[in-house]
Each structure stands twice: as C-alpha cells, then as structure tokens.
Amino acid sequence: MARLSERVRDLHGSPVRAMLAAAQSPNMISFAGGLPASDSFEDVDLPPPPKSLLQYGPSEGEPALRAAVAAELSRIGLECPPERILILSGSQQGIDLAAKLHIDPGTMVGVESPTYLAALQAFRFFGARCRVVHRNNPAHNWSAKARPALTYVNPTFQNPTGYCWSAAERDALAAACDAHDVTLFEDDPYRALAYDPCERTPICARVKRAPWIYQGSFSKTLAPGLRVGFLAASSDLFPHLLNLKQAADLHTNRLGQWYALRSLQDPKRGERMERLVSRYRHRRDAFAASLTRHLGDVADWAVPAGGLFFWVTLNARIDMTLLLDRARKAGVLFTPGEHFLPYPSDDLPSLRLNFSHAGELEADRGLEILGRLIREAMENRKRTPRYEMAAAPH
Ligand SMILES: Cc1ncc(COP(=O)(O)O)c(C=O)c1O
C-alpha cells in the first residue's frame, strides 16, 4: 500500500471536470463548464512560433509579455511594474501558488458564498478553514486574533453568480484588508467580457497597505488550451510567489506565452474583442429569453452584466442529484450550485448555467428539457411529501 500524505486524505476531483468528459459526447447540450464558444477560436491567428522558444525560458515569464501585461493593468487602473508580473500556467496556478504561500492546516481564508469551486478545492487541499466574506460588511467578525490570512474574491462577473461588485463594495473590502492586514487575492478572468456598463476597477488598485495578489487569464478571451494566465503582486509577496512557481513547473510554456503576446499586440485585437463581446451579449440575451420561456414559473435569476454564467435558483426544493442524473440521460448537463458553497446550506437549490458554449437553438432546447424535468420533480414532490425530507441538504 502506498503511504500517501495527510494532505490528500480529503482530496476530491472537480465535479465540473468530471462532467467535461460527458460533455464531449456529440449530442450532449452542456451548460456545465466555463467553456468559451468553440467558434470564437476561428478568429485566432496561429502562425508557427520561432524555434528559439523550444529552449527553457525564465520562471517569471517572457519579458515582452510581462511588459505588455503591466501596460494592460495600468490601463485598467492597477499600477504594477513588469518586474512584479508573473506569467502563470493558467490562472488556476495562481490559486495554487497563493494557497501554498498562505495556508497551513487550520488557516482561516475568506471567501464569497458561493465562490469558484476550484478555488475551494485548492484551499481545502491545504487545510484552509473557509469563512464567508459579506460584501456589505467584509470585516464582520475579523479581529487581531481571528482574521483570514487571505481573502479570495472574484468581484467582476463572478463565477458562478455573474455578480459585479459596486464601487462602494470594492472600497469596503480594500479598506477592511488594509485595516486588518489581510492579503487580498483578486481573481479577474472575466473582466473583459462586459455586456453592460458596471464598475470594474480592480479592488487591488484601491488597497493602500495590505499585501495583494491580482490575477487574470487569457483563457476566456483567447483560448483556454494555451494555459496562460498572469498575476501581479505586492512587493512583499512577489519573491515568494516566484520561488513557488519555480518549484512547481520552472516556467509557463513559451509557445503559449508567444501566442498570448501576439494577441495583445495584434492591431485588430480591439475589433476581435468587440466581436466576441457582442456574440456573447447576444447569447446571454437569447439565453435569458429561453430561461423566461422554459423556467420562468419554477426559478429566479438575475441577468449577469458580463461573464459566462447564469445563477438560477429554484423556487422549491428538489433532489438535485436526481435532477442532474435525469438531465444527463436526456442529454443536458449543468452544475449544481452546492459545489460552489463553502458550507452546506438550507437555501433553495441553485444551478450554474454557462451560456457561452451552446449555440442559441441548442441552448433553448436544453433549457426546455431542464424546465420540463424540474417541473416534473416539483410535481412529484407535491404528490409524495416524504420526498422533500429526503431531498433536504445535509
Ligand atoms: C474564477 C476563475 N478563476 C480561475 C479560473 C482558471 O482559469 P485558467 O486556469 O484557465 O486561467 C477560472 C476558470 O474557469 C475561473 O472561473
């Protein structure tokens, strides 16, 4: 028997990644992942990269890409020199590095509820005790003795809710982190996918004293298969993050970095982004109309101002495992909301539905099926009252 570390005792695979395999089958309509539209890749130019990039490269990342990222961040209000930009193997790696840097077994970590499930997965892996951070009162219950080492937020078009924090909410969290010396970790992969105007200036740009990490990704605007993301960090954290990156994978693959840099330097980038945003805005609006048509009587949701997800809350309790099973058999996938919760909750069940991947007709068909299955489950529940007890979450 292999003797494994304590750390992996509570290690579970991501439910979304498990569903990605099922989503590949040709007739499956998937609302489950956070996948960009496959046809968005048609706009991506892929010339052969220079062969010199086949050699090892710097752990920090390619200098030209770091400079281009620093310039981008300055444009959105976050000043950070290229020397404090670290190119990542996808922004998921930033979550791993930030967790390694801050979390020992039992360390308190602030998170939203719901929050990005793969961040919860990483934080739990290192033994974090997650505590919910409330937007309207972020420092609630923080004291010199009990405060998170790290607070993780995804404030712009959040995965899974699509919510975008107001200026006042952003200011309040920055002030709370400053006052209590809590590292602010801002994860921002969706900021460019804005369909309606809203406040997007990073919270890290508002921090005055606290340590901070801001990260972004090329996955949602260019191609997730390239696995390129980046982080910027305060000067006290950056050297540690760099050392952890070296230990993890030496450096991010240079071919992916080259394509990411080309996309930033492409004179047609603005046009490409406008096309992408307008395509997704259209999909979001069509999705909202289909939701109203097929789930209007059984669920509530807010139309997201950006990002890739609808967070749909049912207006009665049903067994979500059973619903997912029936939906899968009927050719539709979604992600049950419970996976995004730091703690089990008695709230009504939710579904996270991605609207960027499926085409509009396909999405309408999928939502029709989902609406029918939800209605059936609610009817069954009325007929068999014991069902409700069995379905209550633990
Ligand atoms: C909030 C958030 N952070 C990080 C990631 C990881 O993205 P990537 O590693 O592809 O950059 C995702 C992916 O869906 C995400 O939704």
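Residues numbered from 1 in each chain as written. Predicted model: local features only at pLDDT ≥ 70, side-chain atom pairs only at ≥ 80, totals over all residues. Heavy atoms only, no water.

Chemist: Tell me what's going on with the sheet that holds strand β5 (residues 150-153), and back it up with residues and numbers.
Modeler: Here seven strands make up an open sheet; going across it, the order is β2-β8-β7-β6-β5-β3-β4 and the pairing mixed. Only two strands of the sheet have a single partner each, and these edge strands are β2 (85-88) and β4 (129-132). On average, each strand axis in the sheet is inclined to that of its neighbour by 20°, with strand direction left out of account. By the bridge criterion, four bridges tie strand β6 (residues 183-187) to strand β7 (residues 212-217) in an arrangement that is parallel. Bridged to leucine 184 within β7 is tryptophan 212. With respect to the sheet, helix α2 (residues 63-75) is in contact with β2, β7 and β8 (229-233), its orientation differing from that of β2 by roughly 115°. (Pairing = 2+ DSSP bridges. Helix = DSSP H or I, 4+ residues; strand = E, 2+ residues; numbered from the N terminus. Axes fitted to C-alpha atoms, helices over the stretch in contact; angles between N-to-C directions. Contact = heavy atoms within 4.5 Å.)

Chemist: Quick one: what's the story with the site of the ligand, residue by residue and with numbers?
Modeler: As a matter of local geometry, the ligand sits amid 14 residues, with Ser91, Asp187, Tyr190, Ser217 and Ser219 nearest to it. Serine 91 places a side-chain nitrogen or oxygen 2.8 Å from an oxygen atom of the ligand. In the environment of the ligand, an oxygen atom lies 2.8 Å from a nitrogen or oxygen atom belonging to the side chain of asparagine 159. Protein contacts shield 93% of the accessible area of the ligand, which totals 400 Å² for the unbound molecule. A class-by-class count of the residues in the shell around the ligand yields four nonpolar, seven polar and three charged. (Near = heavy atom within 4 Å. Polar contact = N/O pair within 3.5 Å; in protein donor to acceptor, adjacent residues only side chain to side chain. Areas by Shrake-Rupley, 256 points an atom, 1.4 Å probe, with all protein chains shown as cover. Nonpolar A, V, L, I, M, F, W, Y, C, P; charged D, E, K, R; others polar.)

Chemist: Can you explain the pattern of salt bridges? Please cite residues and give values.
Modeler: Inspection of the entire model under this criterion finds 19 salt bridges. Across the salt bridge formed by arginine 191 and aspartate 188, the nearest N and O atoms sit 3.5 Å from each other. Taking the relative accessible area as the measure of exposure, arginine 191 reaches 16% and is therefore buried. Among the ionic pairs, aspartate 364 bridges to arginine 293, the shortest N-O distance being 2.8 Å. Separated by 71 residues along the polypeptide, aspartate 364 in helix α10 (residues 360-383) and arginine 293 in helix α8 (residues 269-295) bring together distant segments of the chain. Shared partners join several salt bridges into a network, and the residues in it are Asp39, Arg279 and Arg283. (Salt bridge = Lys/Arg side-chain N within 4 Å of Asp/Glu carboxyl O. Buried < 20%, exposed > 50% of the residue type's maximum accessible area, 1.4 Å probe, protein only.)

Chemist: Can you tell me about the pairing of strand β13 (residues 350-354), naming the residues and giving the values?
Modeler: Judged by how many residues are buried, β13 sits mostly within the fold: five of five residues are covered. By the alternation rule, side chains of β13 split into Ser350, Arg352 and Asn354 and Leu351 and Leu353, which are all buried. Looking at chain direction, strand β10 (residues 309-314) and β13 are connected through five bridges and run antiparallel. Looking at the pairing, phenylalanine 310 lines up with leucine 353 of β13. Where strand β12 (residues 335-336) meets β13, two bridges bridge the pair, whose relative direction is antiparallel. Its bridge partner lying in β13, threonine 335 is registered against arginine 352.

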